[in-house]
Structures are given as structure tokens and as C-alpha cells.
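Analysis of the macromolecular model
Chain by chain, the residues:
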Amino acid sequence: MNIAVYRASLSALAIAAASPAFAQSNPDLATTDEAGDTIVVTASRSGEGARVDQLGSSVTVLDARTIENRQTRVLSDVLRDVPGVAVSRLGVIGGQTQLRIRGTEGNHVLTLIDGIEVSDPFNGEYDFGTLIASPAARIEVLRGQQSSLYGSDAIGGVVHYITLTGAEAPGISARAEGGSFETFSGDVRVAGVAGDLDYAVSGAYLHTGGSPTARFGTRDIGSDNVGVSGKLIWSPSESFRLTGVARYGYTDADFNNSEFDGTSPLYGMIVDSPGAYYTSQSFHGLLRAEFTALDGRWTNALTGQVTDTVRKSYSAFGRDGGSEGRRYKGSFESSLRFGTDTVVHRLTAAVDVEREEFRNTTPSPFVFQGKRDTDNIGFVGQYELLAGDAFALGASVRHDENDRFDDATTFRIQSSYKLPTGTRIRGAYGTGVKNPGYYELYGYSDGVFIGNPDLRPEKSKGWEAGIEQTIGDNQATIGATYFDNKLKGEIYTTYPAPDFIATPANRTTTSKQRGVEVFASARPIPQIELDLAYTWLKARENGAVEVRRPKHVASFNATIFSKDERFSTTLTLRYNGRQTDVAFLDPIFFAPTTVSLKEYVLVNLNANYKLTDAISVFARVENLANEDYEEVFSYRTQGRAAYGGVRVSF
């Protein structure tokens, strides 16, 4: 059993118990080029955007229009529509939410928000349960090993959440809605351009009274979530630009614990835990200075960023857990573009200097509460070639020097070729690395878990091959990708005698993930928009099926517009196939038992109507069929819910 899953179980006890773009860099590039082609900014370190149809790697872009059409309020919900992605949430909004890409673990996914690495340094991954969707944003999901660009964490891929600039989405907007489970949410955004300054400031709030999460419980698990962000871009000349980003998040959420009374028939299951709740507070900041020369062909950028995350958990008797994690990161990137009008070369070099600090603040005499830190320096080299609109080639290599773990060198190569028939073939091969997290190294829970400071980094390698076909004048696109990955030194949970206390260790065997991703998107007429995604996955850990990774995942979205586009309605179907999970049901030995979670289909239906150009009313029903299902063992989820509200924009 992988330690990330075990940590999710303990979290239920402590919490509930390529081609071009940029990365840490430029969070203000346009989403499309002059020809209207979709641009991504996560596939390289050059500081320039890349067309999706020229990338060898698999990438999915969810634009602001898509997010709004599906009336997304919690970002993880719309990520269920991305091929290769599996989402699991502990019950309801505010519960820990993990994202797995291509069968990897939640801590194998690097998450960026406006170019900032936002994972909690203590927990080793980002909790998507705390992220409210912005009214004007886009998401890029880059799949496959990306450690050659980003270092540790990017084994499964990269998720980049980008808020739109004032030039991309100017004006003032506000939304308010309410509905089932005593839910209220709202957001406001002010954005625009004033002379040399581009500005965008937004805030969002979501409150829910919640519903029971214990399978046999009655306690409603509610939460309050706040998100505030700002982005300023100062461009005093064509050759210089200064970008500042700041983001604050706060979550106050109830949770339920597992039952550990050995005489209870519910031992190991989630039970009502009155008085149990947690708070999570985070701040993320970025400052980037960019200078271009040689008519824009030579770009140099200096970026500094910080992440600060504080979590505290409480029981009916007071505070019983907590952690602090901080990350300070500085990057320098230099990219030179040269060649002809038809053949373009780009060389990029980058240096990342990073320090992570972590501290366990659990009030216990058995827990080390001092501060620990890890320093890392990464050197990146990247080459990109574009030959007209047909051929693209990319290669990248990175060397990381770490003061706690062995130094690591990773690489990736990728290529794409488009035939005159509208058929595109592409492929990529890469390697990745994931350093152990602080909890895996030094975590402690009396009589239940103890960390292992001798853990080694996990190492991954894999390849993918894909084909896409454009039909008509971009009226439809269909595509399929096969991927095959291998993970060595996987961190899992073992129970050594004589105490049988859980502790992490590195496997000596190889874990394997392979599968097929299929997508189709079409707009046969202006009034209809269709999107489909499907993933078949086979993930094996030491010969056994990996948990919380369904073999089949699919989604279908259909949006219908009126001719004047004042009215629209969207039907969303999300299928999650049967999957396994772990349960700790043995009151004598705290050892895992494999359990099976049934398949389920979620049906959402929404509608939106523009009363005027400035005022819209909307409504939606989630889980229309009132499906009874669990994403994590013994965690109940919400039934049918209805919401409605109004949006004003001018």
C-alpha cells in the first residue's frame, strides 16, 4: 500500500483524523495567439507560450468559458473531466481532496497557481479541497513525467491554474448563489488596464452546512472557504515587464474521525466526532521581472516566490494536531530564439534555488516540534524546434543538487508531426523523481505510525504515443493516447514485527501503470458544444491493484446555446468505475484490508439566462439521480442538491 494512501487514512484521523511556455515564470501570457490557436504556458521554461497542437506531450486546457458553462465552484470537480485524472475527496466540500494522474499518487502531481508552486511542504502535496474556482481562470493539465522542467513532484504531471489578466477579462463582475445543505457562495472580480498597469483582483467565499460523512452517522460536516487573489503587471516599456501575484486562502471545516474502540462493531470506519474540525491558512506570493532584447528574441527573467501553509486540527478537547510548511524559491531563466520564418530554434537555460521548511506543531511530548529544512539547486537546459506548422521537437534535461537526498538527473524528449490530412501523431519519453515528504520521513502518531528518515527518492520513467484527427474546419477533434510508466523505489507502508506499527519503506520491486486516454470535442453547429473523455487504466503495485484508481473513468458534457446565446444549458455525466481502497478493520493489528468501492454515475444539469447584457440568472442540480456512492471507504457523499443565483458584470 502506498504511503500517500496511508497518509490519507491518517489524515482522516488527524484532519478527519514539449514545446514552449514557462512554469514558475510568466503567469500572464495570452490564452490564444493571433490566429486563435490555444496556447499553453506550462510545457517549457522559455517564458513563451506554445500551441497545443505542436506539443508532443499530452495536455488538456479548460478555459474560463468551459469552467463557467459547467458552473464550477470547487476546482477539483471540473478536473474530473480531464483524461487520465482520478479525483477522490473525503466526503464533502472541505474534505481532503487528492488528484491522481495516470495512476500515480497524489504527491506525484505538481500544482502551480499563477506560476507558484503551492503544495504544502509538510504534507508533500496540494489539497484541492481548499481551492475555490475563480470567475475568470483557465486550467492546464500537462501529463507525463515533467521533472526535467520542475524537479521533484512532477512524476504524474503538472496542473497549472491561471487567473486571467485585466486585458484578458476586463470589467467588474459579482456572483451570489444559494441552495441545498445551507450553501451560500459568492465572488467578485475587478480587472482592467490603466496605462502601463494591468490589474486583476478577485475574492470568493463558499459556505456549506454540509451533510453526514460517516456511513452510519448523522453529524453534518460543513465548511467555510475563502480565497482572495491579486495580479498586477507593470509594463513601462516593450522590453521590460514586472509581474506581482498574491493569493490568500482560508478553510475552516468539520471532519469525522475513524473509530478505534476495539469493542465497537464500527472499528476502522468513519464515525461521528462532535467537536472535530480543522483550519488551513495559506499565502502564496510571486514577483517576476522580465527583460527582452534582440527584438524580443532573447528573454531573461528573474522570479522569486514564497508559499506559507499552516494547518491546525481540533477535537472536542482542544487542539490535537498541526503543521507548518514554507517554501522559498528563486529562479533565473534565459531563452534565445533564432532561425528563419519557417524553422525556429529556441535554447533555454534556467536555475532554481529552493528551500523548504517544515515543522510539526502537534501538541505532544512524543513529537519533534523543531524546524527542519531542505535545500535544493536545480539546473535546467531545454531545446525546442518548430518547423512550420507541421513538425515540433523538444528535449530537456535537469540536474538537482539536494542537501538531504541523492542528487538526481532527469530528462524528457518529445515530438509532434501534423499530416496534411489533419492527422497529428506525437510521442514523448521522460524520467521523473519524487523526494520523500516530511511526514514520510519524520511523521509520528502514537502506536499507529512512525516515519522513516532513511527513505530514498522514488524514480519514474515512461513513454506515451498519441494520435489526433481534426474533422472539418476544426468542427471536431478526436484523439487517443497510450502511456506506459514504471516506478522504482515506491514508498509504501510496512508493519514490521514485533510491534507491527506502520512505517514507510522503499519497495524493491517495480510498480507499473499503463493505460489509454481518449477524448473528443465537437461543435458541429454554433448552438451545440460536446466534450467527451475516457480513461482505461491498469495500475499495479507489487502485483496488486493500486487503490483509489478506477480502471474506467469517463465524462461527457453537452452544452446547448440559443441562437442569440442568451440562454444555455449544460448536461454533465461523470462515470467512475469500480475501484479498491484500504480499510483498517483489525482491532488487534493495525493492518490494511483491501475493500471494493462500487461504480457510480453523477449527473449534473444547469441552465443560464442573460436577462440583459449585464445581468444573468442561473440554476443547477448536482447529482440529479441522487446516486449513493463513496469515493473513499466509509465516507458518505452528498445526495441530490439544487442551487440558484445571479451574476452581474459590466
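Cut-offs applied
Residues numbered from 1 in each chain as written. Predicted model: local features only at pLDDT ≥ 70, side-chain atom pairs only at ≥ 80, totals over all residues. Heavy atoms only, no water. Helix = DSSP H or I, 4+ residues; strand = E, 2+ residues; numbered from the N terminus. Rg over C-alpha atoms; globule rule 2.2 N^0.38 Å. Buried < 20%, exposed > 50% of the residue type's maximum accessible area, 1.4 Å probe, protein only. Areas by Shrake-Rupley, 256 points an atom, 1.4 Å probe, with all protein chains shown as cover. Lys, Arg positive; Asp, Glu negative; His and termini not counted. Charge placed at Lys NZ, Arg CZ, Asp CG, Glu CD. Phe/Tyr/Trp six-rings, centres within 6.5 Å; stacked < 30°, edge-to-face > 60°. Salt bridge = Lys/Arg side-chain N within 4 Å of Asp/Glu carboxyl O. Polar contact = N/O pair within 3.5 Å; in protein donor to acceptor, adjacent residues only side chain to side chain. Contact = heavy atoms within 4.5 Å. Pairing = 2+ DSSP bridges. Core = buried A, V, L, I, M, F, W, Y, C linked by side-chain atoms within 4.5 Å. Patch = residues over 30% accessible without salt bridge, like charges linked within 9 Å, V, L, I, M, F, W, Y side chains within 5 Å.

Details of the overall build of the chain
Summing up its helical and strand segments, the chain has five helices and 40 strands in all. Over its C-alpha atoms the chain spans a radius of gyration of 24 Å, differing by no more than 12% from the 26 Å that the globule rule assigns to 650 residues. C-alpha atoms of the chain, sized along the principal axes, occupy 75 × 60 × 45 Å. Relative to its full complement of 650 residues, the chain shows a buried share of 58%. As displayed, the chain offers around 24,600 Å² of accessible surface, 59% of which is attributable to carbon and sulfur atoms. Averaging the positions of the 64 positive and the 78 negative side-chain charges in the chain gives two centres separated by 3 Å.

Considerations on unusual backbone geometry
Positive phi outside glycine occurs at D295, with the angle close to 60°. Checked against the element boundaries, D295 lands in the loop between β17 (277–293) and β18 (298–315). In this structure D295 comes out as exposed when scored by relative accessible area, which is 79%.

Some words on the packing of aromatic side chains
Overall, the coordinates contain 13 aromatic pairs when judged by the stated rule. With centroids separated by 4.9 Å and ring planes inclined at 45°, the aromatic side chains of F122 and Y438 adopt a geometry described as tilted. Of the two residues, F122 sits in the loop between β7 (116–117) and β8 (137–143) while Y438 sits in helix α5 (residues 438–442), which places them 316 residues apart along the sequence. For the pair F122 and Y438, a shared accessibility class is recorded, and that class is buried. Ring geometry for F184 against Y205: centres 6.5 Å apart, planes inclined by 45°, an arrangement best described as tilted. Residue F184 is found in strand β11 (residues 183–194), and its partner Y205 is found in strand β12 (residues 197–212); the two are separated by 21 residues along the sequence. The class of F184 is partly exposed, set by a relative accessible area of 40%. Residue Y205 is classed as partly exposed on the basis of its relative accessible area, which comes to 32%.

Observations regarding the pattern of salt bridges
Counting across every chain of the model gives 61 salt bridges. Here E177 makes a salt bridge to R175, at a shortest N to O gap of 3.3 Å. Residue E177 is classed as buried on the basis of its relative accessible area of 4%. In this structure R175 comes out as buried when scored by relative accessible area, which is 6%. Between D581 and R548 there is a salt bridge, with the nearest N and O atoms lying 3.0 Å from each other. Note that D581 is positioned in strand β36 (residues 579–583) and R548 in the loop between β33 (544–545) and β34 (552–561), a separation of 33 residues in sequence. Per residue, the accessibility class of D581 equals that of R548, and both read buried. Salt bridges here are not isolated pairs; linked through shared partners, they connect R45, R241, R288, E290, E333, D352, R398 and D400.

Observations regarding the side chain of R327
One can find R327 in strand β19 (residues 318–339). Of the polar contacts made by the side chain of R327, one reaches the side chain of S119; its length is 2.9 Å. Beyond its immediate sequence surroundings of up to four residues, R327 is in contact with E117, V118, S119, P121, Q305, V306, T307, E354, R355 and E356.

Overview of the environment of E458
Relative to the helices and strands, E458 is located in strand β27 (residues 458–471). Considering only alpha carbons, one finds E458 and N506, 48 residues apart in sequence, at a separation of 7.9 Å.

Let's talk about the pairing of strand β6 (residues 109–113)
The buried fraction of β6 amounts to five of the five residues, a majority that puts the element mostly inside the structure. Where burial is concerned, the two faces of β6 agree: the one with V109, T111 and I113 and the one with L110 and L112 are both buried. By the bridge criterion, five bridges tie β6 to strand β9 (residues 157–163) in an arrangement that is parallel. Bridged to T111 within β9 is V159. Bridge count between β6 and β7: two bridges; the pairing is antiparallel. For L112, the partnering residue across the bridge sits in β7 and is E117.

Considerations on the side chain of N376
Within the element layout of this structure, N376 appears in strand β21 (residues 371–387). Among the polar contacts listed, one links the side chain of N376 to the side chain of N402, at a separation of 3.1 Å. Residues contacting N376, with those up to four places away along its chain left out, are D352, V353, E354, R398, D400, E401 and N402.

Details of the nonpolar core
Ranked by internal contacts, the top residues of the largest apolar core, which has 25 residues, are L99, I139, V141 and V159. Looking at this core, the elements with two or more residues in it are α3 (75–79), β4 (85–89), β5 (97–101), β6, β8 and β9. Setting aside residues up to four positions removed in sequence, L99 forms contacts with L79, V85, A86, V87, E105, G106, V109, F128 and V159. Among the nonpolar cores identified, the runner-up in size contains 12 residues, and A43, L149, A154 and V158 belong to it.

What about a nonpolar patch on the surface?
Together, F567, Y609, L611, I615, V617 and V646 line one region of the surface with nonpolar side chains, adding up to about 460 Å² of accessible area. Checked against the element boundaries, V646 lands in strand β40 (residues 641–649). In this structure V646 comes out as partly exposed when scored by relative accessible area, which is 33%.

Honestly, it's all geometry; don't read function into it.
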